[in-house]
Protein chains: 2
Amino acid sequence: MITDVLIEKIIEKQNPTCVGLDTSLDYLPEELRVGVSDFTGAAKAIFAFNRGILESVADLVPAVKVQIAYYEQYGAEGLCAFRDTLVYAREKGLIVIADAKRNDIGATASRYAAAFLGKTPTGDREISAFPSDFLTVNGYLGTDGIAPFVQEGKGDRGIFVLVKTSNPSSGELQNLRLEDGRTVYECMGDMVEAWGTDTVGSYGYSSVGAVVGATYPEEAKILRTRLPHTFFLVPGYGAQGGSAEMLSNCFDGRGLGGIVNNSRGILCAYRKLGGSFDEAARKACLAMKEDLHAVLGEICAK
Amino acid sequence: MITDVLIEKIIEKQNPTCVGLDTSLDYLPEELRVGVSDFTGAAKAIFAFNRGILESVADLVPAVKVQIAYYEQYGAEGLCAFRDTLVYAREKGLIVIADAKRNDIGATASRYAAAFLGKTPTGDREISAFPSDFLTVNGYLGTDGIAPFVQEGKGDRGIFVLVKTSNPSSGELQNLRLEDGRTVYECMGDMVEAWGTDTVGSYGYSSVGAVVGATYPEEAKILRTRLPHTFFLVPGYGAQGGSAEMLSNCFDGRGLGGIVNNSRGILCAYRKLGGSFDEAARKACLAMKEDLHAVLGEICAK
């Protein structure tokens, strides 16, 4: 079960950090950008940068999150770098989260599920387009838009559904109160908990997780209690303003229950710390591990 | 203003039909699939099929909607066919809707906006990744996740935001009632109407449209009255069960206010009607035009 595998890696490395490879050309050091004048060049430079980051931090963290928007902006060429990054991260033993926030009606969702969590029939073969362990999805369409991902994943691949997002406007819809007394994010959370029922693993968490922003600790506290079998992907730490104290509400008494993403704080650490980008990324990872450890203590399955 | 251009094409062709190029390898006639054994082959076959469809129907319809999931399942190679299809459809004078339902926090949404509605800075140049006139988006994250698309589009490119989707489960969240008496889909609709305020064109519709399923005529009726400046993209006709009568609620007294998508009913018409796929697609387009005309009458800007 994929969430068990993720949790075991978190315990082994004593680190619930996910490195966000939201790699845009403008995040790269000058010397890696020299001479880039088309999408092919951009894709090559970005993959070279990602490889450097991965080699530098793979022993420290359990997972990476790769944000597809940053690759899609460089066309099909950029998406080659996206795929190469997924493949290389898996070769380094990391759990790979494709952050694509996909959503559609059932027939179309099943194509997305094949692309990220399964294989696509092509002639007599079946081929994996963008091999990932987890995919982020948006549940606005309800159960029949989510079921294809759960079915394709069979517990061996998982999803994280947007519940309470980290951005400033997230409350405009998500915090509205329904007639039945629940907020919209609580309602979405209840659906997520239900969608995961059949895939709960040995640590008590299912393969259907939730995105819960570090920037909203009160909502995180409510959701952690309300969704006992739902593992959280927690964006918003660092650049977006979330601190270790704020996101402690995303975790259970064992220090489990969530994984915290940091993108720019690691990728662009060299601008703050100086030195090479890969060494600076490693230092930033170590600092974040310490920061989380001070709040969560030892992570232990009991 | 892009919605004005779309409306002028609808009036000129007297046809509010959008051909959905949700082209999967398994939709192609046997002879186009022979020998395909990898993503490159699949992408070539799919683009050849799309070109045939476009050549056959371009004079009949104002727009096409290209569903990216069907291309993404064939990896970066499939996305080359996606891009080639967008470019070719525009060469044929058609308005191009990229159906990708993108959504993210502001910083990331701006990358998606560049990819589909703008250009990406790459070295000293700016390059268009997936040039489209409209992009479908999901508004669950609220205003700061939508603003980058509106800003990038400047009214010359537009978006369609999911409001009431056509799938069976869409009511699970969308039809819940809020404490203030509105349903979630009405609330989303109100946000869409507000997001479009600054781009209302000469026919009274803005560049920020809404996706409203043909399968829910009661909700469509409520939304048509409630959102007077919001143009509707209407999926669900044909294969999903929506009829011309059901979707008449999406239109105003001039026969304007919406465009109706049909994907499988046109792409796979050859399986029902016999003959070549492109001729069958043309017949299906003509039949749909007649079907809509019987309900809407002459489309006229008054």
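Residues numbered from 1 in each chain as written. Chains lettered and ligands numbered in written order. Predicted model: local features only at pLDDT ≥ 70, side-chain atom pairs only at ≥ 80, totals over all residues. Heavy atoms only, no water.

### Notes on the overall build of chain A
Then, number 1: Across its full length, chain A holds 14 helices and ten strands.
Then, number 2: Against the compact-globule benchmark of 19 Å for 302 residues, chain A has a radius of gyration of 19 Å, which places it among compact chains.
Then, number 3: In terms of principal-axis extent, the alpha carbons of chain A reach across some 60 × 55 × 40 Å.
Then, number 4: Here chain A, with 302 residues, has 63% of them falling under the buried criterion.
Then, number 5: Taking the intrachain contacts of chain A between residues at least 6 apart in sequence as the baseline, contacts between residues at least 24 apart amount to 73%.
Then, number 6: Here chain A contributes 30 positively and 38 negatively charged side chains, and the mean placements of these two sets differ by 2 Å. (Helix = DSSP H or I, 4+ residues; strand = E, 2+ residues; numbered from the N terminus. Rg over C-alpha atoms; globule rule 2.2 N^0.38 Å. Buried < 20%, exposed > 50% of the residue type's maximum accessible area, 1.4 Å probe, protein only. Contact = heavy atoms within 4.5 Å. Lys, Arg positive; Asp, Glu negative; His and termini not counted. Charge placed at Lys NZ, Arg CZ, Asp CG, Glu CD.)

### Remarks on the pattern of salt bridges
Then, number 1: Per the counting criterion, the structure on display carries 29 salt bridges over all chains.
Then, number 2: Here D59 of chain B and R282 of chain B are joined by a salt bridge, their closest N and O atoms 2.8 Å apart. With D59 of chain B in the loop between α3 (39-57) and β2 (63-67) and R282 of chain B in helix α14 (residues 277-296), this pair connects stretches of sequence that are 223 residues apart.
Then, number 3: Among the charged side chains, a salt-bridge network with shared partners connects D180, R182, E186, D190 and R226 of chain A. (Salt bridge = Lys/Arg side-chain N within 4 Å of Asp/Glu carboxyl O.)

### As for the packing of helix α3 (residues 39-57) of chain A against helix α5 (residues 75-91) of chain A
Residue and element names in this part refer to chain A.
Then, number 1: Closest axis-to-axis distance for the α3/α5 pair is 8 Å, and the angle between their directions is 15°. Comparing the axis directions of α3 and α5 gives the class roughly parallel. Regarding α3 and α5, the two cross each other, and that crossing is right-handed. Residues F39, T40, A43, F47, N50, R51, L54 and E55 of α3 lie in contact with α5, whose contacting residues are G75, E77, G78, A81, D84, T85, Y88 and A89. (Axes fitted to C-alpha atoms, helices over the stretch in contact; angles between N-to-C directions. Parallel < 35°, antiparallel > 145°, perpendicular 65-115°, else oblique. Left-handed = near helix turned anticlockwise from the far one by under 90°.)

### Structural notes on the interface of chain A and chain B
Then, number 1: With 72 residues of chain A in contact, the opposing surface of chain B contributes 73 residues.
Then, number 2: Carbon and sulfur atoms supply 56% of the area that chain A and chain B bury against each other, a total of about 5800 Å² over both sides.
Then, number 3: On the chain A side of the contact with chain B, E72, R111 and Y140 of chain A bury the most area, a combined 15% of that side's loss.
Then, number 4: Linking chain A to chain B there are eight salt bridges. (Buried area = accessible area lost by both parts, 1.4 Å probe.)

### Digging into the relation of the copies chain A and chain B
Then, number 1: Mapping chain A onto chain B is achieved by rotating through 180° and translating by 0.0 Å along the same axis, at an RMSD of 0.0 Å. Here the symmetry operator amounts to a two-fold rotation axis.
Then, number 2: Both copies contact each other with a shared surface, as 100% of the interface residues of chain A are interface residues in chain B too. (Least-squares fit on C-alpha atoms with pLDDT ≥ 70 in both.)

### Overview of helix α9 (residues 184-195) of chain B
Residue and element names in this part refer to chain B.
Then, number 1: Here α9 is twelve residues long and its end C-alpha atoms lie 17 Å apart, about the 16 Å a rise of 1.5 Å per residue gives.
Then, number 2: α9 sits mainly inside the fold: ten of its twelve residues count as buried.
Then, number 3: All of the buried residues in α9 are V184, Y185, E186, C187, M188, G189, M191, V192, E193 and W195. (Expected span 1.5 Å × (residues − 1).)

### Quick look at the packing of α9 of chain B against helix α10 (residues 217-226) of chain B
Residue and element names in this part refer to chain B.
Then, number 1: Running from N to C, α9 and α10 point in directions that differ by 30°, and their axes come no closer than 11 Å. Regarding the angle of α9 to α10, the classification is roughly parallel. Read as a crossing pair, α9 and α10 show a hand that is right-handed. Across the interface between the two elements, Y185, E186 and D190 from α9 touch E219, I222, L223 and R226 from α10.

### A short note on the pairing of strand β1 (residues 17-20) of chain B
Two faces, one strand: in a regular strand the side chains alternate between the faces of the sheet.
Residue and element names in this part refer to chain B.
Then, number 1: Because side chains alternate across β1, one face comprises the buried residues T17 and V19, and the other comprises C18 and G20, equally buried.
Then, number 2: Sheet topology places β1 next to strand β10 (residues 258-262); three bridges connect them, and they run parallel. By the bridge assignment for β10, T17 is matched with V260. (Pairing = 2+ DSSP bridges.)

### Let's talk about the nonpolar core
Then, number 1: In terms of nonpolar packing, the biggest core is built from 224 residues, with F82 and F116 of chain A together with F82, F116 and Y140 of chain B touching the most fellow members.
Then, number 2: Ignoring any residue separated from it by four or fewer positions in sequence, one finds F82 of chain A in contact with V66, I68, Y71, A98, F116 and F130 of chain A. (Core = buried A, V, L, I, M, F, W, Y, C linked by side-chain atoms within 4.5 Å.)

### Thoughts on the sheet that holds strand β6 (residues 134-137) of chain B
Residues and elements named next belong to chain B.
Then, number 1: Pairing in this closed barrel of eight strands is parallel, and the strands run β1-β2-β3-β6-β7-β8-β9-β10 around the ring. Strand after strand, the sheet turns through a mean of 30° between neighbouring axes, direction not considered.
Then, number 2: Sheet strands touched by helix α1 (residues 2-13): β2, β3 (95-102), β6, β7 (158-164) and β10. Its angle to β3, the strand with the most contacts, is close to 125°.

### With respect to the confidence of the model for chain A
Close reading of the predicted structure is inappropriate where its pLDDT is low.
Then, number 1: Residues of chain A with pLDDT of at least 70 account for 100%, and the chain-wide mean is 96.
Then, number 2: Model confidence for the complex: the whole-complex pTM is 0.97, and ipTM, which rates the interface, is 0.97. (pLDDT = per-residue confidence, 0-100.)

### A closer look at helix α7 (residues 143-153) of chain B
All names here are of chain B.
Then, number 1: When we look at burial in α7, the residues that qualify are D144, G145, I146, P148, F149 and G153.
Then, number 2: For α7, the secondary structure elements touched by its buried residues are β3, α6 (106-117), β6, β7 and α9.
Then, number 3: K154 occupies a position one or two residues after α7 and carries a positive phi of about 50°.

### Quick word on the sheet that holds strand β10 (residues 258-262) of chain A
Whether parallel or antiparallel, the strands of a sheet pair through hydrogen bonds between backbone atoms.
All names here are of chain A.
Then, number 1: The eight strands are arranged β1-β2-β3-β6-β7-β8-β9-β10 in a closed barrel whose pairing can be described as parallel. Neighbour to neighbour, the strand axes of the sheet diverge by 30° on average, direction disregarded.
Then, number 2: Summarising the sheet, strand β2 (residues 63-67) and strand β3 (residues 95-102) pair through five bridges and their orientation is parallel. Along β3, the bridge assignment pairs V64 with V96.

### Description of the packing of aromatic side chains
Where two aromatic rings form a pair, the distance of their centres and the angle of their planes describe that pair.
Then, number 1: Under the defined criterion, the tally for this structure stands at 18 aromatic pairs over all chains.
Then, number 2: Arranged with centres 4.5 Å apart and planes meeting at 25°, the rings of F49 of chain B and F277 of chain B form a pair that is stacked. Of this pair, F49 of chain B sits in helix α3 while F277 of chain B sits in helix α14, and the two are 228 residues apart along the sequence. No difference in accessibility class separates F49 of chain B from F277 of chain B, as the two residues are buried.
Then, number 3: Each member of the aromatic cluster is reached from another via a ring pair, and the members are Y71, F82, F116 and F130 of chain A.
Then, number 4: One residue, R224 of chain A, lies across the ring of F232 of chain A, its end atom 4.0 Å from the ring centre. (Phe/Tyr/Trp six-rings, centres within 6.5 Å; stacked < 30°, edge-to-face > 60°. Lys NZ or Arg CZ within 6 Å of the ring centre and 35° of its normal.)

### Let's talk about the side chain of E186 of chain A
Then, number 1: With respect to the helices and strands, E186 of chain A occurs in helix α9 (residues 184-195).
Then, number 2: On the basis of relative accessible area, E186 of chain A is assigned to the buried category, the value being 10%.

### A closer look at unusual backbone geometry
Then, number 1: In the Ramachandran plot, K101 of chain B falls in the positive-phi region, its phi being about 45° despite a non-glycine side chain.
Then, number 2: Its place among the elements puts K101 of chain B in strand β3.

### Section: the side chain of S132 of chain B
Residue and element names in this part refer to chain B.
Then, number 1: Relative to the helices and strands, S132 is located in the loop between β5 (125-127) and β6.
Then, number 2: For S132, the side chain forms a polar contact with the main-chain oxygen of F130, separated by 2.8 Å.
Then, number 3: Filtering out sequence-adjacent residues up to four positions away, S132 remains in contact with L86, R90, V96, A98, F116, L117 and R157. (Polar contact = N/O pair within 3.5 Å; in protein donor to acceptor, adjacent residues only side chain to side chain.)

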